[in-house]
Amino acid sequence: MSRKAPPGARGAGASTSNGTTSSAPALPTISTEDMCPVCKTIRYLNKDMEFLINPECYHSMCSNCVNRLFNDGPNQCPYAGCNRTLRRKGFRSAFFGDLAVEREVDIRRRVAAVFNQAEDDFETLRDYNNYLQMVEDLTFDLVSGGEAQRRTAEATLGRWEAEHKAEIERNRKAGREADEQSRRRLAAERDAARQRRVEALQEAEEEKRERVRNREAELDNLALGDAGAGAGGAQRVQLKRRGQAAANRAVEAAVHTAVAAAADVGRLSIRGLKEKKKAPAPEGPYDPFAGLDFVPGRYKLHTGLGHPGIDKYKDDPAHITGGYSFDEYTARAMFEAFAGLGVFIEDEMEAGIGLSAGEVATMSAGIAAVGDRMELD
Amino acid sequence: MEFNIDDLPVLFPYPRIYPGSYMVDLKKTLDATGNAVLEMPSGTGKTITLLALIVAYQQYYPSHRKLIYCSRTMSEIEKALVELKALMKFRADRLGYEEEFRGLGLTSRKNLCLHPSVKREKSGNVVDARCRSLTAGFVKEKKEKGEDVEVCVYHDNLDLLEPHNLIPNGIWTLDGLLRYGEQHKQCPYFTARRMMQYCNVIIYSYHYLLDPKIAERVSKDLSQDCIIVFDEAHNIDNVCIESLSTDITEDSLRKATRGAQNLENKINEMRESDQQKLQDEYEKLVEGLRGADEGRQEDSFMANPTLPDDLLKEAVPGNIRKAEHFVTFLRRFIEYLKTRMKVRQVISETPPSFLAHLKEYTFIEKKPLRFCAERLTSLVRTLELTNIEDYQPLQEVATFATLVATYEKGFLLILEPYESDTAEVPNPVLHFTCLDAAIAIKPVFDRFSSVIITSGTISPLEMYPKMLDFQTVVQESYAITLARRSFLPIVVTRGSDQAPISTSFQVRNEPSVVRNYGSLLTEFAKITPDGMVVFFPSYLYMESIISMWQGMGILDEVWKYKLILVETPDAQETSLALETYRTACCNGRGAVLLCVARGKVSEGIDFDHQYGRTVLCIGVPFQYTESRILKARLEFLRETYRIRENDFLSFDAMRHAAQCLGRVLRGKDDYGLMVLADRRFQKKRAQLPRWINQALLDTDVNLSTDMAVSSARRFLKTMAQPFLAKDQEGISTWSMEDLRHHQEKMDDERIKELQAQRERELNQPVVARAANAAGGDGRESDYEMDDFDEAELMALDTNI
Ligand code: SF4
Ligand SMILES: [Zn+2]
Ligand SMILES: [Zn+2]
């Protein structure tokens, strides 16, 4: 159960992984966090010491050093053996403590800007996964590959960018939109939550006040001699209010689906990438009946149609209960009376409206069956 | 004794039974294959009642549904096993033959290990890890190839036995299992694990079902019609939540980084020595195959939290398929977390916002993140790592990654840079907290048809279905019937000087309140025989009040009557204090134990008979509401389940108070005083369990100290009278005779009811016909016919 001692220099870790000697700049470890490796100032002497790096070589130094060395124009990196020329405006503070990761992420940023296909762009999940691995391999070469590997990776990257320019641009836009949307959605949710919180507080507050008021009212009532009159009513009011507030709280988060504008570009060199189709025409609101009109064409329905057969039930409590309507009944009677009128089977067969004779037959049989049952009932 | 419930013959191993419909309701639940929440006071034979009914049910009906009985602690598990053993013995005596029946208990390796050096490890994690490194599949392979590796002989011996008959039929207590294992040189832990499928009854801890990391491995093969029982389940929501929450610290991240580094080294080693294995793994991942052997592997190295099923079938994303890609992926994620930990202000954010930020800075997408835990498991297996404990922190990070990417709702990330508000030195902790108890328990409800949640104190019952999001068939709280009032609950709201007492924030440190509490303690110390237990709402308050009492000379006064012992957060110290307490209670010196309502003592330790004659609850044990995690949970409960903050807090406080009170009454011949000392208890009375509330007289809910003392004196005097078991008969216990009586009475009632129903049915057709005729269309006359009375019907008839 011997445990490997943790290697001291983590910075070099990334480059050892594929066994080639790396020409990527040797990176410092972060143990220098409290001392500037250039001027050797320690944090103890300068509380707000800030470290900056330049993505040219990722050598970190304190801001004082940066100002001292680079304010008068480009200069050489003060690290021994590092011959890069750095500019003042290239310096920034690092996001990660581990500068190897910082560098890796910078590279990823570049790669991600170019290889930005989404899963939907692929025929199958497997193709997408292969694509992901290809990108990852390429990134790996860029991050820790040897000189040759890096060069080929760069070349691939460049080529891809050139070949898929429009597509990349489109995906980028779609990505930005999606980001923007999710950001907006998050913000909306946060707002809604805050809103609800405030409401809940107010509600509690209101309830408390109500309670106090009720108690007072009750006392008053007691004083006046009719006890118990106030209490029940007040409680009911309170309960009702609570229910109402709950209903009000239903807040809806609008989610828009981005309609990606399609563009017809791209000689594909990745297997399984879907051919782009023209963007579908923007759709109207969804209509489940596909434009079918339910207003009867051959007659007009009046409300309150009567018939001696049904009139006697109009006052019958069994039939005026909720949910049952006499108009419903008359409407159906009218529908049944007119159903089938104006359907000319010969015409339809000539015009060939979808239905085959067999289908028509079964359909009419079905209608007959329904009709029968209705009569039986 | 023997009796029938409906058609089901039940054998009950004791000649007496406590009255009540617990068994009937239980049967109803099982018949309906539904869920139930049942509250029955502890010490009334809840466990044996439950076992007797369910075993009878199993043996009588052909479906033979398996029972899975979950309890909290090892001692409770052992107790249940002993009860079960007695029950089965009784059944065998009665039936004249031994039934084909097997019951087993399962607990951690730490308790069941026999390996001479492994079992001596102190921490459970280390035992697990060491055992794994002795028993893993590849270790055995190596051994077979003749390499010199250490294996565990106890485990190897198991493979020589018939796989479905590792241990004979019968009930095996944990002790018995250990002994059998020692005799036959076979590992008790794996015996139990492997035999679970062939058992009629399994008794183990909650975690094997609720903790998704463990449940996946241990309880996967249990069939759908199992009967699940959670006993002592009043805290089940917290167990659920804890099983899905993690805390990440700077230290754990440092260790995780080291783990990632080790992984990388191992990968490089393996690439040189055994390239093929990596390649095989890679190909398997490309094909989207979960290792077919994984299911069989009883001991996959690390556990994955449960994932939605669709995800389980999907292939691992392409960018973490290769081992080296995955390691850099992990490293990037860890570095990101490290950076986040540097922030010096409190941050709370939802998983989606965390993911958005993560993606922006590291280009880590949600999907590979979700597969993190699984990918790590696969890698660890491929690399054949044996020192798993080194990778524990890494695994925690991976689990966190998976969870955060899987659940959008019901979780919150809270970063607290400082331990307390006053701390100067940052010690950041990233809490990934689960807010929704229903998430962890959902798979249980989805999978098993009957889940029974029961405890001595689980009021208000409707809170649990709400919080855990399930439906019940039966939801019942049983009253207790006693031959004498064997416990006296009282609420003290005022001190002797008539000033109200309370531990609410405004007044808790006022000298007058503290003094009143002090005199309450002194008075009860005077009159209580033997042991007395006092509960405080928190350690902090306990400390401050004790030091104030010290200054007022109250402790000296108490000291005259009782030894004073104090619970501390340290388990060792507390158990020592308990030891002393027990001795003092037994030898007549008497003692007071000062402890905390949410501490270890309040949960697991019984103070029966002389060990606890009075329990004094000082203050309502509310949770510390300033905690950010609690605040987040309250908000979540309000938004999702419409449970209001105050309702939940009060519910939570009262369940803990009830737990504390329940500590002293552990049986029918026991007696004790239950003193609730806070003005606020008066209003919360309704939230006490039914059996306590019922015993609380209206005259006893608003007492001052002196009134309470005199009432307690009277009570103790009656308790001092001789009390024979005979007196209880027919009232608080039923013999066969009483039971028959009761059943006859119930039958009579049933018959009457049936008759009434028949009559009603006779009337029914008339109604239907009448309505039909009236409607002209039967389907539309589908209203509530019962609402009609005869007269109206007649009128209708004549109408036609
Ligand atoms: S197989 Fe059993 S006996 Fe052997 S180490 Fe593991 S738990 Fe212990
Ligand atoms: Zn410097
Ligand atoms: Zn440099």
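Just so it is clear, the structure is predicted and the values come from calculations on it, not from any experiment.

Cut-offs applied
- Residues numbered from 1 in each chain as written.
- Chains lettered and ligands numbered in written order.
- Predicted model: local features only at pLDDT ≥ 70, side-chain atom pairs only at ≥ 80, totals over all residues.
- Heavy atoms only, no water.
- Donors = N, O, S within 2.8 Å, 3.2 Å for Na, K, Ca; no water.
- Tetrahedral: all angles 85-135°; square planar, octahedral: opposite > 155°, others 65-115°.
- Buried < 20%, exposed > 50% of the residue type's maximum accessible area, 1.4 Å probe, protein only.
- Core = buried A, V, L, I, M, F, W, Y, C linked by side-chain atoms within 4.5 Å.
- Helix = DSSP H or I, 4+ residues; strand = E, 2+ residues; numbered from the N terminus.
- Contact = heavy atoms within 4.5 Å.
- Pairing = 2+ DSSP bridges.
- Axes fitted to C-alpha atoms, helices over the stretch in contact; angles between N-to-C directions.
- UniProt positions renumbered as here; feature names shortened; annotations may be inferred.
- Near = heavy atom within 4 Å.
- 1 Å grid on protein atoms, 1.4 Å probe; cavity = no way out; pocket = protein on both sides within 12 Å on 5 of 7 lines; lining within 4 Å.
- Sits in = over half its atoms within 2 Å of the grid points.

Colleague: Looking at this structure, how should I read the coordination of the zinc ion (ligand 3)?
Modeller: Geometry reference: four tetrahedral donors at a metal, ideal angle 109.5 degrees. Six octahedral donors, ideal angles 90 or 180 degrees. Residue and element names in this part refer to chain A. Here the zinc ion (ligand 3) is held by the protein donor atoms C57 (SG), H59 (ND1), C77 (SG) and C82 (SG), which lie 1.9 to 2.3 Å from it. Coordination geometry of the zinc ion (ligand 3): the four donor atoms subtend angles of 101 to 116° at the metal centre, consistent with an arrangement described as tetrahedral. We note that the donor set of the zinc ion (ligand 3) lies within a single chain, spaced as C-x1-H-x17-C-x4-C. No difference in accessibility class separates C57 from H59, as the two residues are buried.

Colleague: Help me understand the nonpolar core, please; the structure alone is not making it clear to me.
Modeller: Residue and element names in this part refer to chain B. Counting residues in each nonpolar core, the largest one holds 127 residues, and the members touching the most others are Y204 and F230. The biggest single contributor to this core is helix α16 (residues 323–341), with 10 residues. The contact partners of Y204, leaving out residues within four places of it in the chain, are I68, Y69, C70, S71, I77, L106, M196, L209, V218, S219 and L222. Formed by 44 residues, the second largest nonpolar core is a distinct cluster that contains L8, I17, A52 and I171.

Colleague: In this structure, what is going on with the sheet that holds strand β5 (residues 102–106) of chain B? I would like to understand it.
Modeller: Whether parallel or antiparallel, the strands of a sheet pair through hydrogen bonds between backbone atoms. All names here are of chain B. One open sheet holds the eight strands; their spatial order is β6-β5-β7-β4-β8-β13-β3-β14, and the pairing between them is parallel. In this open sheet, the two strands that pair with only one neighbour each are β6 (170–172) and β14 (474–477). This sheet shows a mean twist of 15° between the axes of neighbouring strands, independent of strand direction. In this structure, β5 lies alongside strand β7 (residues 201–205), joined through four bridges in parallel fashion. By the bridge assignment for β7, L104 is matched with I202.

Colleague: Any chance you could explain helix α9 (residues 188–195) of chain B here in plain terms?
Modeller: In an α-helix, one turn spans 3.6 residues, which is why side chains three or four residues apart end up on the same side. Residue and element names in this part refer to chain B. Burial analysis of α9 places seven of its eight residues in the buried class, the great majority of the element. Buried within α9 we find P188, Y189, F190, T191, A192, R193 and M195. In this structure, the buried residues of α9 make contact with β5, α4 (109–112), α5 (124–135), α7 (153–158), α8 (174–184) and α11 (212–218).

Colleague: Quick question: what am I supposed to make of the UniProt feature "domain: RING-type" (unreviewed entry) in chain A here?
Modeller: Taking the UniProt record as the reference, the feature "domain: RING-type" (unreviewed entry) is found at residues 36–78 of chain A. The span residues 36–78 of chain A shows a helical share of 19% and a strand share of 14%, and its end C-alpha atoms are spaced 12 Å apart.

Colleague: I'm lost on the site of ligand 1 in this one. Help?
Modeller: Taken together, R109, C113, L114, H115, C131, T135, C152, Y154, H155, C187 and F190 of chain B make up all the residues around ligand 1. Spatially, ligand 1 is embedded in the largest cavity.

Colleague: Sorry if this is basic, but what is going on with the coordination of the zinc ion (ligand 2) here?
Modeller: Residue and element names in this part refer to chain A. At the metal site, the zinc ion (ligand 2) is ligated by C36 (SG), C39 (SG), C62 (SG) and C65 (SG), and these contacts range over 2.1 to 2.3 Å. Geometry at the zinc ion (ligand 2) is tetrahedral, judged from its four donor atoms and the angles of 103 to 119° they form at the metal. As a motif over one chain, the donors of the zinc ion (ligand 2) read C-x2-C-x22-C-x2-C. When its relative accessible area of 1% is taken as the criterion, C62 is described as buried. Owing to a relative accessible area of 1%, C65 belongs among the buried residues under this scheme.

Colleague: It is not clear to me how the environment of Q687 of chain B should be interpreted in this structure. Could you clarify?
Modeller: All names here are of chain B. Along the chain, Q687 falls in the loop between β20 (672–677) and α30 (690–695). Of the residues examined, Q687 reaches a relative accessible area of 23% and is grouped as partly exposed. Between the C-alpha atom of Q687 and that of D652, which follows or precedes it by 35 residues, the distance is 10.0 Å. Discounting residues that sit within four places of it in the chain, Q687 has contacts with S459, S650, F651 and M654.

Colleague: Mind showing me how you'd approach the UniProt feature "coiled-coil region" (unreviewed entry) in chain B here?
Modeller: UniProt records the feature "coiled-coil region" (unreviewed entry) for residues 253–280 of chain B in the present numbering. The distance separating the terminal C-alpha atoms of residues 253–280 of chain B is 30 Å; by composition the span is 96% helix and 0% strand.

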